[in-house]
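Analysis of the macromolecular model
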Amino acid sequence: MSLKSKYSEEQIKAMDLNDFLREATYDDVYYTIRLLKVARYARESTKHEDQVKALENQVDRLDTFITGNPKFLMEEKHKYTEHGISGRTVDDRTAFNLMIQAAKRKEFNVIIVQDVCRFARNLKELLIYIDILKEYGIGVLILDGQYWTFNMSETDILRLAVDGGMAQGESMRTSKRVANGVQSYRERGQLVVSKVFGFVLKKAVDRRENTLTIH
């Protein structure tokens, strides 16, 4: 139930921040009438040209949304962008980990992301970090799917689990396709290693004749 159906605007603005976050719905945060410090997180898993463009669109959408609401306050250092990093684990996600560290210091109240798979493609880590952030007093506003993680109904939790599971499944299928492709190259005698320290990959017309030369 929206806060606006229970309280006046003056009462909402005067609420303790933690109470506001705890009682707010997605719409209450999306159309917030009180000041909120926000961060935004954007990610794409590859550096292919089409993915780079998708990341640019993602960043533009998030930044336009945030700057369009004068109640959202975002510092430049809280614009977190991950380039060419998988969402299956947080271990190699530098921007994500910096964001979590800033969250622990309570530098913002809300993290805004485009969709579930941008935040995580691992269902277990998705749920773990939502809980960690909630302990820090921070919620995640997920635009696609309309999730506000600080206050989710049973239906929202179920939808989030389904979306998170689908994102993980898609990532696993992609990984398997890549592995199968690499194996097929090996079976055909094609050199598949391209980044070996001290060597440069020289590509031939027939990929089976690719070679590594000392650099």
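The structure displayed is predicted, hence computed values, not measured ones.

Definitions and cut-offs
Residues numbered from 1 in each chain as written. Predicted model: local features only at pLDDT ≥ 70, side-chain atom pairs only at ≥ 80, totals over all residues. Heavy atoms only, no water. 1 Å grid on protein atoms, 1.4 Å probe; cavity = no way out; pocket = protein on both sides within 12 Å on 5 of 7 lines; lining within 4 Å. Points joined across faces, edges and corners; volume = space filled by probe spheres on them. Nonpolar A, V, L, I, M, F, W, Y, C, P; charged D, E, K, R; others polar. Helix = DSSP H or I, 4+ residues; strand = E, 2+ residues; numbered from the N terminus. Expected span 1.5 Å × (residues − 1). Buried < 20%, exposed > 50% of the residue type's maximum accessible area, 1.4 Å probe, protein only. Arc of directions from axis to C-beta. Core = buried A, V, L, I, M, F, W, Y, C linked by side-chain atoms within 4.5 Å. Contact = heavy atoms within 4.5 Å. Phe/Tyr/Trp six-rings, centres within 6.5 Å; stacked < 30°, edge-to-face > 60°.

Let's talk about empty space enclosed by the protein
- Evaluation of the coordinates by the stated rule reveals one cavity of 30 Å³ or more.
- In this structure, the largest cavity spans a volume of roughly 30 Å³.
- Lining the largest cavity, in full, are Lys4, Ile12, Phe20, Asp28, Tyr31 and Ile33.
- Grouping the amino acids of the lining of the largest cavity by side-chain chemistry returns four nonpolar, no polar and two charged.

Overview of helix H7 (residues 123-135)
- Compared with an ideal rise of 1.5 Å per residue, which puts 13 residues at 18 Å, H7 spans 19 Å between its outermost C-alpha atoms and is within 8% of the ideal.
- Those residues of H7 that fall on the buried side of the exposure criterion are Glu125, Leu126, Tyr129, Ile130 and Leu133. The buried residues of H7 occupy one face: seen down the axis, they fall within an arc of 135 degrees. Turned more than 90 degrees from where H7 packs its buried face, Lys124 and Glu135 sit exposed.
- Glycine 137 occupies a position one or two residues after H7 and carries a positive phi of about 85 degrees.

Examining the nonpolar core
- Ranked by size, the top nonpolar core spans 26 residues in total, and within it Phe108, Ile111, Phe119 and Leu133 carry the most contacts.
- Those elements that place two or more of their residues in this core are strand S1 (36-43), helix H5 (94-104), strand S4 (110-113), helix H6 (116-119), H7 and strand S5 (139-142).
- With residues up to four places along the chain from it excluded, the contact list for phenylalanine 108 reads Lys37, Val38, Ala39, His78, Tyr80, Met99, Ala102, Ala103 and Ile138.
- Among the nonpolar cores identified, the runner-up in size contains 24 residues, and Val38, Val59, Phe65 and Leu143 belong to it.

Remarks on the packing of aromatic side chains
- For the structure on display, the rule yields eight aromatic pairs.
- Aromatic pair phenylalanine 96 and phenylalanine 119: ring centres 5.3 Å apart, planes at 65 degrees, arrangement edge-to-face. Here phenylalanine 96 is found in helix H5, whereas its partner phenylalanine 119 is found in helix H6, with 23 residues between them in sequence.
- Residue phenylalanine 96 is classed as buried on the basis of its relative accessible area, which comes to 1%.
- Cluster of aromatic residues (ring-pair linked, three or more members): Tyr26, Tyr30, Tyr31, Phe65 and Phe72.

Geometry only, nothing functional implied.
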